[in-house]
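# Close look at the chain arrangement
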Amino acid sequence: MAFLQWRRFNFFDKELVKDPASDQPFEQLKDVNVSACSSGRGQLVVGDFEGNIYFINRQLTLSSFRAYDIRVTHMHQMKQHNILVTIGEDEQGVNPLIKVWNLDKIDKGIPVCTRLTRAIPSNKPTPVTCFTVHENFNFMAVGFENGTVILYKGDVTRDRHSKQRVVFENARPITGLSFKSGTKEVFLFVVTETAVVSINVTNKDTRNQLEQFGASRGNVVMSDNSQDYQLVIGRQDAVYFYQPDGRGPCLAFEGEKLQLHWFRGYLIIVGKESKTMPRAPPMGTHSLEMNLVTVYDIRNKFIAYTAPYPEVIDIMCESGAIYILSGDRKLYQLQEKDTSTKLDILFKKNNYLLAISLAKSQQLDQDGLMDIFTQYGDHLYAKGDHDGAIQQYICTIGKLEASYVIRKFLDAQKIHNLTRYLQALHKSQLATEEHTTLLLNCYTKLKDVSKLDEFIMTKDREVDFDVETAIRVCRQAGYHRHALLLAEIHEKHEWYLKIQLEDIRDYQAALTYIARLSFEAAESNMKRYGKVLMAEAPQETTELLKRLCTDYKSACQPLVDQTSLDGALPQIQRASAEEFIHIFVNNRSRLTEFLEHMVEVQPNSSNLVYNTLLELYLHDMVHETSIGARVERERKTLDLLKNPDAGYSMEQAMVLCQVNSFKAGILYLYEKAQLYMQILQYHMDHNEYVHVMEACKKFGQQDSRLWVHALSYFAQRETTCKTQLIEVLSYIDKKNLMSPLLVIQTLAHNSSATLSVLKDYIIRRLQLEQDQMAEDMRLVRQYQEDTAKKRALIQELQTSAKIFQASKCNICNHSLELPSVHFLCEPHSYHQHCFESYAENDAECPACAPENRKFMDIIRAQEQTRDIHESFHNQLERAPDGFAVVADYFGRGLFNNPKGTKG
């Protein structure tokens, strides 16, 4: 057989089956003339030419019963049910009989036969050559020597529920039958010596001829799920695989094949062997032909076992083992070695590729598979095959520690292999920052720009490395373009700007990049890099700051977004201008431009903005040498101060104007703050007599103390200021702001203030005093006379009788009638019913009550306010005539002793 190109191994242990009772070879079948074999459900089934069926269980206990009177020709043990289907003969001649045995039901030591059917196609008796049963019990097919195939559909265990039909007719004997189930369809493979046909028994018996060459009996078998349940046929030249729709692959196993079997993914072929051996009695004295049993691993393409056996009758696969029944009636068992033993065999032969393939087919766990890859890698590394070794180490990523591999390839001559491993490590998403650094260093050492581009400049795959590490390594290695693009792609704004400003020094590009960022990112980066940008690109930086602090929109943002289309008000994003003032160090002109823009578009800017702008204006004004330009700057500064929307700090503005000696600003701020005394004092400090008088006239109504202060100021001047003194004295006299004595004392210190200045004032004041004294004396005499009259009236009322002569009621003006009420006040008289109707109380005259109530309210008010000392002192301080205030409170009884105390 031409399988010499496949590696040979001994992955099965051969044992001669022994009787457990005697520990001697199992010879209970030595006198059995075997006609058919089958296996399943934990037992081996053997039929003979005398009609007996033998069962050998796992304990090698033999049991039997007679199933046919003549012979057993075919058997099929179901795998999923304990049902045995047999074909044999109970009568002489050609009369095949199908029997179905339920092995779970035993009657008198014999399994119950649930079905008995004659297998005669078209009433033409012919020997059965093969048959098969579907595991779902719905289909059974029987092939005959005359080329006919009968399909039994229905419950094959019951005759009454099953229908039969001829699905295939041919002139050559049927050599093999097998069912294959699809998703919804069932196919029947039919093999003759000259053809291979598939029949769809669920779709009108649709026939598809797959091959015009067939196979002999015994050379047809069905594979398992490892080979997708393909039909396997052995011919002289090769082994062929078939699907219902056509032929699949073939394996060039040459030589005569006697039997084909399938076991757990292995194809077992029984072929002829040239050697012979003596046949054991009583079967005769002639020699037995030797058959070669070969076990092929189809998936991994190696021979798992091969050995000669004398005239193999049949092979049965059961209980995880292969049983070989030989012509000398001995039973051999082939037990597959465990996976670790097989791998050890392959390791010893350094056949690691096959070990990997075997481990995958045996579904070895991941850890075991990784160990194989590691050993294979170590083997190749020791041989000097570094390319092959690194390929195996790549397969261990995720299990084998990466440092184990990296240490092996740190030499300069192995840098290509190391690079390949690190690339795979990144693709597996298992790389650390150190791995990324190492890989990029490898690229830079190799100067492999294309690989570097492929690694970091891809937009179509997921990032499998630490971006910041890659940026840092590229930057350190001088690959600024790569680092820059990487930072831009992954939105590492800080790195992008750092490289652009510190390495490339393209400040315009940095500003353009910031302008494309979101508001938050643009704000933070301008705070971080604003000073550098202002120093190198002041105009562009100022323009960007204007946008950022008013209504920022990213350069990448569309003019009309979805929010605007929905009709919602756009959200205004703006930064705080005062947070960027420090950026304009050493660039006062740009700062002035920026702040002017801010107060123009945002009149409600903070006081820091206005204070800074005012300071800039004052600084420029002070240092301006041109008179015309200075006047213009003064006007501009004063306009800022007078701007009603300007939110500067009054105190700081005053300090700034004073430090910079800005007179107009100082006077305006004093006036705005109503600091009239400071205005007057400013003019006094600068000896501006005219402005002193103007200030008194302008603000004297709001603060009369200005005139007093002006009098004191002019009184201290030694220069001639007679005109001003006369004007001030005139106003003081008019408003009675000072007593004459205090005026004289104030002017006594001025040697230039002669009597001629005071003459008119003194005469006028003395005349007023005399007039006031005469008026006061008149009032005193009047009050004394009124008091005497009141006392006389009181005395008369207390001591003399009062005659009431009124004839009319003071309320209704009708004649007075009894009963009546009389009061001593006028006197007043009333009808009693009128008095009761109009009087508020019985003790008060209705006519005099309103006037009396006024006086009582005044008295009560005086009593309530006489203890308010703070109010008294305040009035005394503010009043131009303090004596009048004291007299008023004296009249209220302020200075009387409290009730209940002795003075």
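Not measured: the values here are computed from a predicted model.

Let's shift gears to the overall build of the protein chain. The secondary structure content of the protein chain amounts to 30 helices and 33 strands. Against the 2.2 N^0.38 benchmark of 29 Å for 903 residues, the protein chain shows a C-alpha radius of gyration of 64 Å, more extended than a compact globule. When its C-alpha atoms are laid out on the principal axes, the protein chain stretches across 185 × 100 × 55 Å. Within the protein chain, residue pairs in contact and separated by at least 24 positions form 46% of the contacts whose partners lie at least 6 positions apart.

With that out of the way, let us pick up the pairing of strand 24 (residues 246-251). Sheet topology places strand 23 (residues 239-243) next to strand 24; four bridges connect them, and they run antiparallel. When the bridges of strand 24 are listed, Y240 appears paired with C250. Taking the residues between adjacent antiparallel strands as the criterion, strand 23 and strand 24 are bridged by two residues.

Moving on, we get to the packing of aromatic side chains. Applying the stated criterion to the full structure yields 23 aromatic pairs. Here the aromatic cluster, defined as three or more aromatic residues joined through ring pairs, consists of Y381, Y393, Y404 and F409. Above the ring of Y240, the side-chain terminus of R235 is found at 4.1 Å from the ring centroid. Over the face of the ring belonging to W495 we find K498, whose NZ or CZ atom lies 5.0 Å from the ring centre.

What follows covers the confidence of the model for the protein chain. Taken residue by residue, the protein chain gives an average pLDDT of 85. The fraction at 70 or more is 91%. Throughout residues 279-285 the model reports pLDDT below 50, and contacts reaching past four residues in sequence, or to other chains, amount to seven contacts. Taken together, the stretch residues 899-903 has pLDDT below 50 and engages in two contacts with residues farther than four places along the chain or on a different chain.

The contact between helix 6 (residues 415-427) and helix 7 (residues 433-446) brings their axes to 9 Å, and the two run at 140°. With respect to each other, helix 6 and helix 7 are oriented oblique. The way helix 6 lies across helix 7 gives a crossing that is left-handed. The residues of helix 7 that touch helix 6, namely those facing I415, H416, L418, T419, L422, Q423, L425 and H426, are H435, T436, L438, L439, C442, Y443, K445 and L446. When the residues that make up the contact of helix 6 with helix 7 are grouped by side-chain class, the tally is nine nonpolar, six polar and one charged.

Turning our attention to unusual backbone geometry. A positive phi angle, close to 50°, is found at Y229, a residue other than glycine. Inspection of the secondary structure assignment puts Y229 in the loop between strand 21 (220-222) and strand 22 (231-234). The residue N586 is not glycine, and still its phi comes out positive at about 65°. You can see N586 is positioned in the loop between helix 15 (562-565) and helix 16 (588-601).

The next point concerns helix 1 (residues 339-348). When we look at burial in helix 1, the residues that qualify are T339, K342, L343, L346 and F347. Each buried residue of helix 1 sits inside an arc of 140° when the element is viewed along its axis, so together they form one side. Immediately beyond the C-terminal end of helix 1, within one or two residues, lies N350, with a positive phi of roughly 55°.

This part takes up the pairing of strand 17 (residues 174-181). A large share of strand 17 lies buried, amounting to seven of its eight residues. Two elements, strand 17 and strand 18 (residues 186-192), share seven bridges in a ladder whose sense is antiparallel. By the bridge assignment, G176 is partnered in strand 18 with V191. With antiparallel pairing between neighbouring strands as the criterion, strand 17 and strand 18 make up a hairpin whose turn holds four residues.

Judged by side-chain polarity, L793, L797, F804 and L824 come together as a nonpolar surface patch covering roughly 320 Å² of accessible area. By the element assignment, L824 lies in the loop between strand 32 (820-823) and strand 33 (828-831). For L824, a relative accessible area of 45% translates into the label partly exposed.

We now examine the sheet that holds strand 29 (residues 314-318). For sheets, the rule is that strands pair by backbone hydrogen bonds, running either parallel or antiparallel. An order of 2-31-30-29 is seen for the four strands of this open sheet, with the pairing classed as antiparallel. Of all strands in the sheet, those bounded by a partner on one side alone are strand 2 (12-16) and strand 29. When the angles between neighbouring strand axes are averaged without regard to direction, this sheet yields 25°. Sheet topology places strand 30 (residues 321-325) next to strand 31 (residues 331-336); five bridges connect them, and they run antiparallel. Its bridge partner lying in strand 31, I322 is registered against L334.

Glancing now at the side chain of H828. Checked against the element boundaries, H828 lands in strand 33. By relative accessible area, which is 11% here, H828 ends up buried. In this structure H828 touches N810, V821, H822, F823, C845, A847 and C848, once residues within four positions along its chain are discounted.

Rules and cut-offs
- Residue indices begin from 1 for each chain and proceed along its sequence in written order.
- Local features in this predicted model are restricted to residues whose pLDDT is 70 or higher, and side-chain atom pairs enter the listing and the counts only when it is 80 or higher, whereas totals over whole chains, interfaces and linings include all residues.
- Heavy atoms from the whole structure form the basis of all side-chain values; hydrogens and water molecules are not counted.
- Under the scheme used here, helices are H or I runs from DSSP no shorter than 4 residues and strands are E runs no shorter than 2 residues, and both carry numbers assigned from the N terminus.
- Computation of the radius of gyration draws on C-alpha atoms, with the globule rule given as 2.2 Å multiplied by the number of residues to the power 0.38.
- Contacts are residue-level and defined by heavy atoms, with any inter-residue pair within 4.5 Å sufficient.
- At least two DSSP bridges between two strands are required for those strands to pair.
- Stacked, tilted and edge-to-face are the three classes assigned to paired rings of Phe, Tyr and Trp, where Trp is represented by its six-membered ring and a pair needs centres within 6.5 Å; plane angles under 30 degrees give stacked, over 60 edge-to-face, the rest tilted.
- Two thresholds decide whether a charge sits over a ring: the Lys NZ or Arg CZ must be within 6 Å of the ring centre and within 35 degrees of the ring normal.
- One confidence number per residue, pLDDT, is output by the predictor and ranges from 0 to 100.
- As a rule, the C-alpha atoms of each element are fitted with a line to give its axis, helices using only the stretch in contact, and angles between N-to-C directions run from 0 to 180 degrees.
- Every angle not falling under 35 degrees, over 145, or within 65 to 115 is termed oblique; those three ranges are roughly parallel, roughly antiparallel and roughly perpendicular.
- Crossings are sorted by hand: turned counterclockwise from the far helix by less than a right angle, the near helix makes the crossing left-handed, and turned clockwise it makes it right-handed.
- Amino acids outside the nonpolar list (Ala, Val, Leu, Ile, Met, Phe, Trp, Tyr, Cys, Pro) and the charged list (Asp, Glu, Lys, Arg) are all regarded as polar, and Gly is one of them.
- For every residue, the accessible area obtained with a 1.4 Å probe (protein chains only) is divided by the maximum for its type, and the residue is called buried under 20%, exposed over 50%, and partly exposed between those limits.
- Here the arc refers to the set of directions running from the helix axis out to each C-beta atom.
- In this scheme, patches are assembled from residues that exceed 30% relative accessible area and form no salt bridge. Like charges are connected within 9 Å, while nonpolar side chains (Val, Leu, Ile, Met, Phe, Trp, Tyr) are connected within 5 Å.
- Residue-level accessible areas treat just the shown protein chains as cover; the underlying method is Shrake-Rupley with a 1.4 Å probe.
- Only one rule defines a salt bridge in this text: a Lys or Arg side-chain nitrogen within 4 Å of an Asp or Glu carboxyl oxygen.

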